[in-house]
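Coordinate inspection notes
Here's the letter readout for the chains.
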Amino acid sequence: KERKRERERKRLKMVDVDHEISLLLAEVPRLAEKEGDTYNVKFKVLFEDYKLANTLESLCGTLKAAKRKGKCSYKPQLLLQGMSDNETISFPAEHVDA
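Summarised in this report is the structure supplied together with it.

What counts, and where the lines are drawn
Residues numbered from 1 in each chain as written. Predicted model: local features only at pLDDT ≥ 70, side-chain atom pairs only at ≥ 80, totals over all residues. Heavy atoms only, no water. Helix = DSSP H or I, 4+ residues; strand = E, 2+ residues; numbered from the N terminus. Buried < 20%, exposed > 50% of the residue type's maximum accessible area, 1.4 Å probe, protein only. Contact = heavy atoms within 4.5 Å. Areas by Shrake-Rupley, 256 points an atom, 1.4 Å probe, with all protein chains shown as cover. Core = buried A, V, L, I, M, F, W, Y, C linked by side-chain atoms within 4.5 Å. Arc of directions from axis to C-beta. Salt bridge = Lys/Arg side-chain N within 4 Å of Asp/Glu carboxyl O.

**Here we look at the overall build of the chain**
Check the secondary structure of the chain and you find five helices and three strands. Burial statistics for the chain: of 98 residues in total, 32% are counted as buried. Nonlocal contacts in the chain, meaning residues at least 24 apart in sequence, comprise 57% of its contacts between residues at least 6 apart. As displayed, the chain has an accessible area near 6900 Å², and 51% of this comes from carbon and sulfur atoms.

The following block contains the structure:
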């Protein structure tokens, strides 16, 4: 029984992460500049956006999950407020416009 509950918890977490990523991708066109087939936005713009801040559980966690799933790209392993403000985050249009 315990294993079954643990598997269900993990499944629900994955659903939550996918939902958070979809919420992030929905806001990208409003915040980013489209350059060819890519949307580019500075981390500071995402971090300071009121709507995004009140929608996502964790911006950095959502970005990290999106990066792992190939939905966005950025250079550093860890994004931190202040230190990473000018870091560009790129979102392929195929994931944003879908």
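**Section: the nonpolar core**
Judged by nonpolar contacts, the single largest core of 23 residues is most densely connected at Leu46, Leu59, Leu63, Ile89 and Phe91. Elements represented by at least two residues in this core include exactly helix 1 (2-31), strand 2 (38-42), helix 2 (43-48), helix 4 (59-68), strand 3 (88-92) and helix 5 (93-96). The greatest single-element share of this core, amounting to five residues, is contributed by helix 1. Ignoring anything within four residues of it in the chain, the contact list for Leu46 reads Leu31, Val41, Leu52, Leu59, Leu63, Ile89 and Phe91.

**Considerations on the environment of Lys67**
Considering the arrangement of structural elements, one finds Lys67 in helix 4. Residue Lys67 is classed as partly exposed on the basis of its relative accessible area, which comes to 30%.

**Some words on helix 4**
Of the positions making up helix 4, those classed as buried are Leu59, Thr62, Leu63, Ala65 and Ala66. Down the axis of helix 4, the smallest arc covering the buried residues is 165 degrees, so these residues share one side. Following helix 4 by one or two positions, Gly70 adopts a phi angle in the positive range, close to 75 degrees.

**Here's the deal with the pattern of salt bridges**
Counted according to the given criterion, the structure contains four salt bridges. Put simply, Arg30 and Glu27 hold a salt bridge, and the shortest N to O gap is 2.7 Å. Of the two residues, Arg30 and Glu27 both sit in helix 1, three residues apart, roughly one turn of that helix. Looking at Arg30, the relative accessible area reads 44%, which means it is partly exposed. For Lys51, the salt bridge identified is with Glu27, shortest N-O distance 3.3 Å. Here the residue Lys51 occupies a position in helix 3 (residues 50-55), and Glu27 occupies one in helix 1, the gap between them amounting to 24 residues. Among the ionic contacts, a cluster of salt bridges with common partners joins Glu27, Arg30, Asp49 and Lys51.

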